[in-house]
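# Observations on the three-dimensional arrangement
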Amino acid sequence: MSQRVLTTESGAPVADNQNSATAGVGGPLLLQDQHLLEKLARFNRERIPERVVHARGSGAYGHFEVTDDVTAYTHAAFLGEIGKRTEVFARFSTVADNLGGADAVRDPRGFALKFYTEEGNYDLVGNNTPVFFIKDPLKFPDFIHSQKRDPFTGKQEPDNVWDFWAHAPEATHQVTWLMGDRGIPASYRHMNGYGSHTYQWTNAAGEAFFVKYHFKTNQGIRCLSTEQAQELAGKDPNSHQTDLLQAIERGVHPSWTLYAQIMPAADAAEYRFNPFDLTKVWPHRDHPLQRVGRLVLDRNPDNVFAEVEQAAFSPNNFVPGIGPSADKMLQGRLFAYADAHRYRLGVNHTQLAVNAPRATTAENYGRDGLMAANSQGRYAKNYEPNSYEGPAETGRPLAAPLPVTGHTGTHAAPQHTKDDDFYQAGELYRLMSDEERGRLVANIAGGLAQVSRDDVIEKNLAHFHAADPEYGRRVREAVEALRED
């Protein structure tokens, strides 16, 4: 087999890739050395802006297979028949840390899926927890700023973290998740994934249902204690990446079983709490888990930058039969995610291989902009409607319309009969064993005791007491003991 010839980016053969061109032996470099300038210029541009959140991530390809009939609830084609398989790309991530951060840290994990369906790509962007810290996207930039590096100290500050939570009582449920035993997964393979938000399914008859997604790991839940995580992060900051990569390479393919909670749309208005509130779960006794299918990851990316770093997930990438709900956080993400990718990757990021449709072809009139690669030929028009047989609308909405009423304005979330910020956090606490409660209290106290302001500590203690009196008392005693040391 003959040796392939090294070329420049324009395809010209490279004569010498070891020595730069100089003005004589030992002389200064020459501006005419096109190969040198091209290599250095490309090297300077090999990094793109990292994600503001979910920067540190890993990914893999696989498939989703339908195991149960859900056609009574949705007419999405990729869910249309038992045994149907759809190619999938998955990306897992930490949330708060930078691209170079460690994997084994106490932080929620992103759980993002791209289904390459025959009706277009469907992106499901969730976490490894079924709830989140806030319920309105207006608060999201402030929340993330409080969790990221302080502008002055350049590091995460407990004062900032707990001060925000002190002013966000709705965070109590997620804080209880985060500080509990599942706050640090042992690996990406050993954690559940959740759509977290409420979505809409619509069946062929036009009937609407609200749905929550639960991906239950088939490897079993495994988590790390604070001490185990600190040791592992020091030994191998890339521990989750290493685990996922090596497992798939040796043929151990991680899998998850997808279950859905399904609520008829007509029931939402009278449900005892707001079913679109991201800080709350739907109790399984109200809406039992219904099995849908199985997700399997069986192929590693060939290039992490091209396929993981440039992967772009947008919650507004729906397919027929699936749509949004009135969840305010979801509504905000419908804009924010796609806009982040346009900033990071350019307006044509959907033409990159990892983001482009695979089971169908994108047909639209967007063709210019940075890195445009789809000219569509000399006879294709760039406007619609036209007389040249260009792609045309279907007139069929992807999902059922959402009813709206009332006056425009900045409204607080609607109150249902059993809405509050603390009940479900208390329920979660009371589900735990005494040993689990002890670790939860220790984790919370370890952070809260570092806060410098007494009023911030008191506000947070009040939240835990409102969730459960014992919960609040134990956290208070643990904080006081640490502050006396």
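Computed from a predicted model, the values in this text were never measured in an experiment.

### Brief notes about the packing of aromatic side chains
When we look at a pair of aromatic rings, we describe it by the centre distance and by the angle of the planes. Enumeration over the complete set of coordinates arrives at 29 aromatic pairs. Relative to Tyr213, the ring of Trp201 lies with its centre 6.0 Å away and its plane at 65°, an arrangement referred to as edge-to-face. Of this pair, Trp201 sits in strand β6 (residues 199-202) while Tyr213 is found in strand β7 (residues 208-217), placing the two residues twelve residues apart along the sequence. Here Trp201 and Tyr213 have matching classes, each one buried. Its guanidinium or amino end placed over the ring of Tyr116, Arg358 lies 4.6 Å from that ring's centre, counting from NZ or CZ.

### Notes on the pairing of strand β2 (residues 85-94)
Counting buried positions over the ten residues of β2 gives eight, a clear majority of the element. Two strands pair when backbone bridges link them, and strand β1 (residues 57-66) and β2 are joined in this way by nine bridges, in the antiparallel orientation. Considered in β2, the bridge of Ala60 is made with Ala90.

### Points about the nonpolar core
Counting residues in hydrophobic clusters, the biggest one holds 43 residues, and the most contacted among them are Phe133, Trp162, Trp165, Leu448 and Val475. Sorting the residues of this core by element identifies α2 (140-147), α3 (158-166), α4 (172-179), α9 (423-431), α10 (434-448), α11 (454-467) and α12 (469-484) as the ones contributing at least two each. Look past the residues within four positions of Trp162 in its chain and what remains in contact with it is Val175, Met179, Ile444, Gly447, Leu448, Val451, Val456, Asn460 and Phe464. In terms of nonpolar packing, the next biggest core, distinct from the first, is built from 37 residues, Leu79, Ile248, Val292 and Leu295 among them.

### A closer look at the environment of Val211
With respect to the helices and strands, Val211 occurs in strand β7. Non-local contacts of Val211, meaning those with residues more than four positions away in its chain, are made with His197, Thr198, Tyr199, Gln200, Trp201, Ala260, Gln261, Ile262 and Trp282.

### Some details on α11
With 14 residues, α11 ought to run about 20 Å at 1.5 Å a step, and its terminal C-alpha atoms sit 20 Å apart, in line with that. Summarising the contacts, the buried residues of α11 are in contact with α3, α4, α9, α10 and α12.

### A word on the packing of α4 against α9
The geometry of α4 relative to α9 is characterised by a closest axis approach of 7 Å and an angle of 25° between their N-to-C directions. With respect to α9, the axis of α4 lies roughly parallel. Across the interface between the two elements, Thr172, His173, Thr176 and Trp177 from α4 touch Gln424, Ala425 and Leu428 from α9.

### Some remarks on the pattern of salt bridges
This model, assessed by the stated rule, comprises 31 salt bridges. Here Arg358 and Glu87 are joined by a salt bridge, their closest N and O atoms 2.9 Å apart. Note that Arg358 is positioned in the loop between α8 (328-345) and α9 and Glu87 in strand β2, a separation of 271 residues in sequence. Taking the relative accessible area as the measure of exposure, Arg358 reaches 36% and is therefore partly exposed. Residue Glu477 is joined to Arg473 by a salt bridge in which the shortest nitrogen-to-oxygen separation is 3.4 Å. Taken together, the residues span about one helical turn, with Glu477 and Arg473 both in helix α12 at a distance of four residues. For Arg473, a relative accessible area of 42% translates into the label partly exposed. Here the residues in one salt-bridge network are Lys135, Asp277, Lys280, Asp419 and Asp421, joined through shared partners.

### A word on unusual backbone geometry
Note the cis peptide between Glu384 and Pro385, where omega equals 5°. Turning to its location among the elements, Pro385 is positioned in the loop between α8 and α9. Phi angles above zero are rare outside glycine, and Ser196 is one such case at about 65°. With respect to the helices and strands, Ser196 occurs in the loop between β5 (193-194) and β6. Given the relative accessible area of 7%, Ser196 is considered buried. Its identity as a non-glycine residue notwithstanding, Met371 has a phi of 60°, on the positive side. Here Met371 is to be found in the loop between α8 and α9. Here Met371 falls in the exposed class, since its relative accessible area comes to 66%.

### Digging into the side chain of Asn355
Relative to the assigned elements, Asn355 resides in the loop between α8 and α9. By relative accessible area, Asn355 is classed as buried at 4%. Separated by 2.8 Å, the side chain of Asn355 and the backbone nitrogen of Ala312 make a polar contact.

### Here's the deal with the pairing of strand β3 (residues 109-117)
Among the nine residues of β3, nine are classified as buried, and the element is accordingly described as predominantly covered. Where burial is concerned, the two faces of β3 agree: the one with Arg109, Phe111, Leu113, Phe115 and Thr117 and the one with Gly110, Ala112, Lys114 and Tyr116 are both buried. Sheet analysis places β2 next to β3, joined by seven bridges and oriented antiparallel. Its bridge partner being in β3, Phe89 is matched across the sheet by Lys114. Counted between consecutive antiparallel strands, the loop separating β3 from strand β4 (residues 120-127) contains two residues.

What counts and what doesn't
- Residues numbered from 1 in each chain as written.
- Predicted model: local features only at pLDDT ≥ 70, side-chain atom pairs only at ≥ 80, totals over all residues.
- Heavy atoms only, no water.
- Phe/Tyr/Trp six-rings, centres within 6.5 Å; stacked < 30°, edge-to-face > 60°.
- Helix = DSSP H or I, 4+ residues; strand = E, 2+ residues; numbered from the N terminus.
- Buried < 20%, exposed > 50% of the residue type's maximum accessible area, 1.4 Å probe, protein only.
- Lys NZ or Arg CZ within 6 Å of the ring centre and 35° of its normal.
- Pairing = 2+ DSSP bridges.
- Core = buried A, V, L, I, M, F, W, Y, C linked by side-chain atoms within 4.5 Å.
- Contact = heavy atoms within 4.5 Å.
- Expected span 1.5 Å × (residues − 1).
- Axes fitted to C-alpha atoms, helices over the stretch in contact; angles between N-to-C directions.
- Parallel < 35°, antiparallel > 145°, perpendicular 65-115°, else oblique.
- Salt bridge = Lys/Arg side-chain N within 4 Å of Asp/Glu carboxyl O.
- Polar contact = N/O pair within 3.5 Å; in protein donor to acceptor, adjacent residues only side chain to side chain.

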